[in-house]
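Observations on the three-dimensional arrangement
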Amino acid sequence: MNRSSKKSDGPRLPLDAVMLLVLVLAACGGGGGDATGGDGTPVATTPTTPTLPTTPVVTGTCDLPNFQQDLLTRINALRAAGATCGSSGTFPPTTALTWNSALATAADGHAQDMATKNYFSHDSQDGRSFSDRITAAGYSWSAAGENIAAGQANVEAVMNAWINSPGHCANLMSANYVNVGVACRPAASSSNSYSKYWVMDLAKPR
């Protein structure tokens, strides 16, 4: 499925959704401001001491060893080499991404939600977009994007699938991003459509 980018309901790879959405906020628009997350926006306890969002420890690794390091190694090797991303074009080498716990928290929340409720979409069932979730996790961004996938067994499989999909590959190679967070959650039930749900959030701070 594509959105002003490309979320496509394609083959059952299934990697049928990409959010190649680079959003640049001018003020508070799409996801900024005080109550975009829909998950109980923090309320200021006094005019001078707002309650800040917390960043819980992310556990969404599908019990895969070296989860964070393996992902960063693959992502940054690709970015260092440059890549041809099919119909999305050719990208020159670019700077490495660094892991961000707020982005990982946003990714984990959405992966868990999809795994629990058995759906596959960039939009949460409560109506939130990926940018809403990133903002709610406490990341103040100037550009943001998301890749999702489902069914891949491990880091190598999901990275290969994303690299071989033009829109996902373009997100991985975009020089607009400096941070990344990824999560994987196993299906909550054997009746789920997929065995694992993957979410990668990429962004640049404001």
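Look up a bit, the structure's there.
To keep things clear, this report deals only with the structure shown in the data block. Please read these numbers as outputs of a predicted model, since none were measured by experiment.

How each quantity is defined
Residues numbered from 1 in each chain as written. Predicted model: local features only at pLDDT ≥ 70, side-chain atom pairs only at ≥ 80, totals over all residues. Heavy atoms only, no water. Helix = DSSP H or I, 4+ residues; strand = E, 2+ residues; numbered from the N terminus. Buried < 20%, exposed > 50% of the residue type's maximum accessible area, 1.4 Å probe, protein only. Contact = heavy atoms within 4.5 Å. Areas by Shrake-Rupley, 256 points an atom, 1.4 Å probe, with all protein chains shown as cover. Disulfide = S-S within 2.5 Å. Polar contact = N/O pair within 3.5 Å; in protein donor to acceptor, adjacent residues only side chain to side chain. Salt bridge = Lys/Arg side-chain N within 4 Å of Asp/Glu carboxyl O.

In terms of regular secondary structure, the chain is built from five helices and seven strands. Burial status across the chain gives 48% buried among its 206 residues. Counting only contacts in the chain whose residues sit at least 6 apart along the sequence, the fraction spanning at least 24 positions is 70%. Accessible area of the chain: about 9200 Å², with a carbon and sulfur share of 55%.

It is worth spelling out the state of the cysteines at this point. What makes a disulfide is a covalent bond joining the sulfur atoms belonging to two cysteines. In this structure the tally under the stated criterion is two disulfides. What pairs with C62 in a disulfide is C184, and their sulfur atoms sit 2.0 Å apart. Judged by the sign of its S-S torsion, about -80 degrees, the bond between C62 and C184 is left-handed. Of the two residues, C62 sits in the loop between β1 (18-19) and α1 (67-81) while C184 sits in strand β6 (residues 179-186), which places them 122 residues apart along the sequence. A relative accessible area of 13% means that C62 is categorised as buried. Residue class for C184 comes out buried when judged on its relative accessible area of 0%. Disulfide pairing is shown between C85 and C169; the S-S distance is 2.0 Å.

This paragraph deals with the environment of G145. Checked against the element boundaries, G145 lands in strand β5 (residues 141-150). Overall, the relative accessible area of 0% leaves G145 in the buried class.

On the secondary structure map, N179 appears in strand β6. Residue classification places N179 among the buried residues on the basis of a relative accessible area of 10%. Separated by 2.8 Å, the side chains of N179 and T98 make a polar contact. In terms of polar contacts, N179 uses its side chain to reach the side chain of Y139, at 2.7 Å.

Our next topic: the pattern of salt bridges. This structure, assessed with the given rule, holds four salt bridges. Residue D108 pairs with R185 through a salt bridge whose shortest N-O separation is 2.8 Å. Remark: R185 occurs in strand β6 and D108 occurs in helix α2 (residues 101-117); sequence separation between them is 77 residues. The class of D108 is buried, set by a relative accessible area of 9%. What makes R185 buried here is its relative accessible area of 16%. We note a salt bridge from R128 to D126, for which the minimum N-O separation is 3.0 Å. The exposure class of D126 is partly exposed, given its relative accessible area of 48%.

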